[in-house]
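Survey of secondary and tertiary structure
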Amino acid sequence: MNDSAGITALHRTLDQELVALLRGASLECLCCGEFVMHARGAVFCPECGAQLGEHGALQTGGVESALQAG
């Protein structure tokens, strides 16, 4: 029996992670893994300062990436 044929990948794509963060299904920071906070339509990490705005723009330490979730 081939065990590797029955194994399914469990990783998520970055887009799936961003959508999960925006809708509140995930509470883990994509940068440092700490808990995030939701406030005023944005998600931010008090530990590392990463912030995800309501339009899907991820800001980390002054660098902004325009990623569209969904």
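Structure: above.
Note that the structure is predicted; figures quoted are calculated from it, not measured.

The rules behind each value
- Residues numbered from 1 in each chain as written.
- Predicted model: local features only at pLDDT ≥ 70, side-chain atom pairs only at ≥ 80, totals over all residues.
- Heavy atoms only, no water.
- Helix = DSSP H or I, 4+ residues; strand = E, 2+ residues; numbered from the N terminus.
- Buried < 20%, exposed > 50% of the residue type's maximum accessible area, 1.4 Å probe, protein only.
- Contact = heavy atoms within 4.5 Å.
- Polar contact = N/O pair within 3.5 Å; in protein donor to acceptor, adjacent residues only side chain to side chain.

So, about the overall build of the protein. On a plain count of helices and strands, the protein comes out with one helix and five strands. When its helices and strands are written in sequence order, the protein yields α-β-β-β-β-β. Here the protein holds 70 residues, and the buried ones make up 20% of them.

As a further point, take the environment of Glu-17. Looking at the secondary structure, you find Glu-17 in helix H1 (residues 14-22). Along the primary structure Glu-17 and Glu-28 are separated by 11 residues, whereas in three dimensions their C-alpha atoms are 9.3 Å apart. Apart from the residues within four sequence positions on either side, Glu-17 is in contact with Arg-12, Ser-26 and Leu-30.

Of note, Ser-26 is situated in the loop between H1 and strand E1 (37-39). Within the local environment of Ser-26, its side chain forms a polar contact with the backbone nitrogen of Glu-28, the two atoms lying 3.4 Å apart. Sequence-distant contacts of Ser-26, defined by excluding residues within four places in its chain, comprise Glu-17, Ala-20, Leu-21, Val-36 and His-38.

Everything listed here is a matter of coordinates, which is why it stays silent on function.
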